[in-house]
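Descriptive structure summary
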Amino acid sequence: MKSMIVKGVLLSLSLTSVAVLANPDVTSREYKLMLDTSKFNYVTEQSDVLALVGDVESVVESAINRNVSGTPQLERVRDVHFYDTPNTCLLNDMGYSFRERVENGISEVTLKFRSPDRYISDYEDVSSSTSGSETKLEADVGANSINNFKVVYGHSTTAPNTRNINDMKDVNAHFDGFDHDYNLSDNLALNAVGGLDISERVYKDVYIDLGSYDAEVSVTLWYRDNPATNTTPLVAEVSFKYKDANADYSRKVVNRAKQSFDAIRTLTSWVDPNSLTKTRFVYQYDPNFCQ
């Protein structure tokens, strides 16, 4: 065993974890841009999303000379919570996030580790023995300024969940590799980060023709509690994703994806270059939560 200290808490790591071999095939690539939330309102949400997608279609088709097809449809309405240890935020300090999504009364949980180094991200064991769980290594491409890109590799597993989230046991019970490597006490309390109850609404069914792959466009809106009452979203994001289980992306595909991203970034009336990513927003919503 070896040890590390995070926020004054001694963690034990098993040396056997080094036997896990990195297999850094990035099976999914997602480009994300944060949007000006004042451009959206729950009352006019559908028409707001249609206007955004219309502008996306125009600039992307001009940039890559390929079609953007489909009409945005509201496909996901779910409640979202991020959980961490109050006053210490151990998971966040370790590079992890733990999220629950509930849709139509059905819960799923995701444990995700992020790093700018895809090998480091892939080495983290996020495996789950829960039936129906799915694991992926994904490149999240964003823009941390008007001219610069930021790439973070997320290694995550999503698992069906029937547990009430109260303490670290609810993480360890699903994610055997994490439990084995870090041996965090089952009794560590978990609370919703920032006390946030998020209502998430996701529009999909729009696709960018990249050649041998289609990229799926999503518009994600986060509201505080009930969107019918809090009608301006907390967070708004447009993204597009393409994936291949073998990570066999051609030069033309990746170049068209970047050109599409560059084109969307020119929509300065929509894009908010100073906005926080969704996870960072959650952790900074109540600065006292982690202190």
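As a starting point, this report considers the structure included with it. Counting starts from 1 at the beginning of each chain's written sequence and moves along it residue by residue. Residue-level local features of this predicted model are given only where pLDDT is at least 70; pairs of side-chain atoms are given and counted only at 80 or more, and the full residue set underlies all totals for whole chains, interfaces and linings. Water and hydrogen atoms play no part in the side-chain values, which are based on all heavy atoms of the structure.

Quick notes on the overall build of the protein
Numbering of helices and strands starts at the N terminus; helices are DSSP runs of H or I of at least 4 residues and strands are runs of E of at least 2. Looking only at helices and strands, one finds seven helices and twelve strands in the protein. Within these notes, the globule rule equals 2.2 Å times the number of residues to the 0.38 power, and the radius of gyration is based on C-alpha atoms. A globule of 291 residues ought to have a C-alpha radius of gyration of about 19 Å, and the protein, at 19 Å, matches this closely. Relative accessibility thresholds used throughout: buried, under 20% of the residue-type maximum; exposed, over 50%; partly exposed, between the two (1.4 Å probe, protein chains only). By residue count, 46% of the 291 residues in the protein fall in the buried class. Residue contacts follow a heavy-atom distance rule, with two residues in contact if any of their heavy atoms lie within 4.5 Å. Partitioning the intrachain contacts of the protein with sequence separation of at least 6 by distance along the chain shows that 68% fall at a separation of at least 24. By element, 44% of the accessible surface of the protein is carried by carbon and sulfur atoms, the whole surface being about 13800 Å². Of the side chains in the protein, 29 bear a positive and 41 a negative charge, and the two mean positions are spaced by 4 Å. Per-residue accessibility takes into account occlusion by the displayed protein chains alone, with areas from the Shrake-Rupley method and a 1.4 Å probe. Charge counting treats Lys and Arg as positive and Asp and Glu as negative, with His and both chain ends excluded. In this description, the location of a charge corresponds to atom NZ of lysine, CZ of arginine, CG of aspartate or CD of glutamate.

Looking at the packing of helix α1 (residues 45-64) against helix α6 (residues 251-265)
Two numbers describe how α1 lies on α6: the axes approach to 8 Å, and their chain directions differ by 135°. Considering their axes alone, α1 and α6 lie oblique with respect to each other. For the pair α1 and α6, the crossing hand works out as right-handed. The residues of α6 that touch α1, namely those facing Val56, Val59, Val60, Ala63 and Ile64, are Arg256, Gln259, Ser260, Ala263 and Ile264. Ten residue types, Ala, Val, Leu, Ile, Met, Phe, Trp, Tyr, Cys and Pro, are classed as nonpolar, four, Asp, Glu, Lys and Arg, as charged, and the remainder, Gly among them, as polar. Considered class by class, the residues forming the contact of α1 with α6 number seven nonpolar, two polar and one charged. Convention adopted: a line fitted to C-alpha atoms gives each axis, helices being fitted over their contacting stretch, and angles between N-to-C directions are expressed from 0 to 180 degrees. Should an angle fall under 35 degrees it is taken as roughly parallel, and over 145 as roughly antiparallel, whereas 65 to 115 is taken as roughly perpendicular and any remaining angle as oblique. For a crossing to be left-handed, the near helix must be turned anticlockwise from the far one by less than a right angle; the clockwise case is right-handed.

Notes on α1
Note that an α-helix has 3.6 residues per turn; residues three or four places apart therefore point the same way. Between the first and last residue of a helix there are one fewer steps than residues, each counted as 1.5 Å, and that sum is the expected span. For α1, spanning 20 residues, the distance from its first C-alpha to its last is 28 Å, which sits close to the expected 28 Å at 1.5 Å a residue. By the burial criterion, the buried members of α1 are Glu45, Asp48, Val49, Leu52, Val53, Val56, Val60 and Ile64. Down the axis of α1, the buried set is contained in an arc of 125°. They therefore lie on one face. Tucked into the core, α1 has its buried residues touching β4 (68-84), β10 (198-209), β11 (214-224), β12 (235-243) and α6. Looking one or two residues beyond α1, the residue adopting positive phi is asparagine 65, at roughly 55°. Arc definition: directions from the helix axis to the C-beta atoms.

What about α6?
Taking 1.5 Å of rise per residue, 15 residues should cover 21 Å, and α6 covers 21 Å from first to last C-alpha, within 8% of that figure. Along α6, the positions that sit buried rather than exposed are Val253, Arg256, Ala257, Ser260, Phe261, Ala263, Ile264 and Arg265. At its buried positions, α6 is contacted by β3 (28-34), α1, β7 (134-143), β8 (149-161), β10 and β12.

Considerations on the nonpolar core
Buried residues of nine kinds, namely Ala, Val, Leu, Ile, Met, Phe, Trp, Tyr and Cys, make up a nonpolar core once their side-chain atoms join them within 4.5 Å. In this structure, Ile208, Phe240 and Tyr242 are the most contacted members of the largest nonpolar core, which totals 35 residues. For this core, the elements supplying multiple residues, two or more each, are β3, α1, β10, β11, β12 and α6. Sorting elements by how many residues they give to this core places α1 first, with six residues. In this structure isoleucine 208 touches Val60, Ile64, Asn67, Val68, Tyr213, Asp214, Ala215, Val217, Phe240 and Ser260, once residues within four positions along its chain are discounted.

Description of the packing of aromatic side chains
Note on aromatic contacts: the rings of Phe and Tyr and the six-membered ring of Trp form a pair at centre separations within 6.5 Å, being stacked when their planes are under 30 degrees apart, edge-to-face when over 60 apart, and tilted otherwise. Tallied over the entire structure, the rule returns 16 aromatic pairs. Ring centres of tyrosine 96 and phenylalanine 178 lie 5.0 Å apart, and the angle between their planes is 70°; on these two criteria the pair is classed as edge-to-face. Highlighted residues: tyrosine 96 in strand β5 (residues 96-103) and phenylalanine 178 in helix α5 (residues 176-182), separated in sequence by 82 residues. Ring geometry for phenylalanine 98 against phenylalanine 175: centres 6.4 Å apart, planes inclined by 85°, an arrangement best described as edge-to-face. Taken as a pair, phenylalanine 98 in strand β5 and phenylalanine 175 in the loop between α4 (169-172) and α5 lie far apart in primary sequence, 77 residues in all. Phenylalanine 175 matches phenylalanine 98 in its accessibility class, with the two residues each being buried. Every member of this aromatic cluster is reached through a ring pair, and the members are Tyr31, Phe149, Phe240 and Phe261. Only when the NZ of Lys or the CZ of Arg is both within 6 Å of the ring centre and within 35 degrees of the ring normal is a charge said to sit over the ring. For the cation-ring pair, lysine 39 lies above tryptophan 270, with the distance from its terminal atom to the ring centre recorded as 4.8 Å. When the ring centre of phenylalanine 149 is taken as origin, the NZ or CZ atom of arginine 265, which lies over that ring, is 4.7 Å away.

Nothing here speaks to function; it is geometry throughout.
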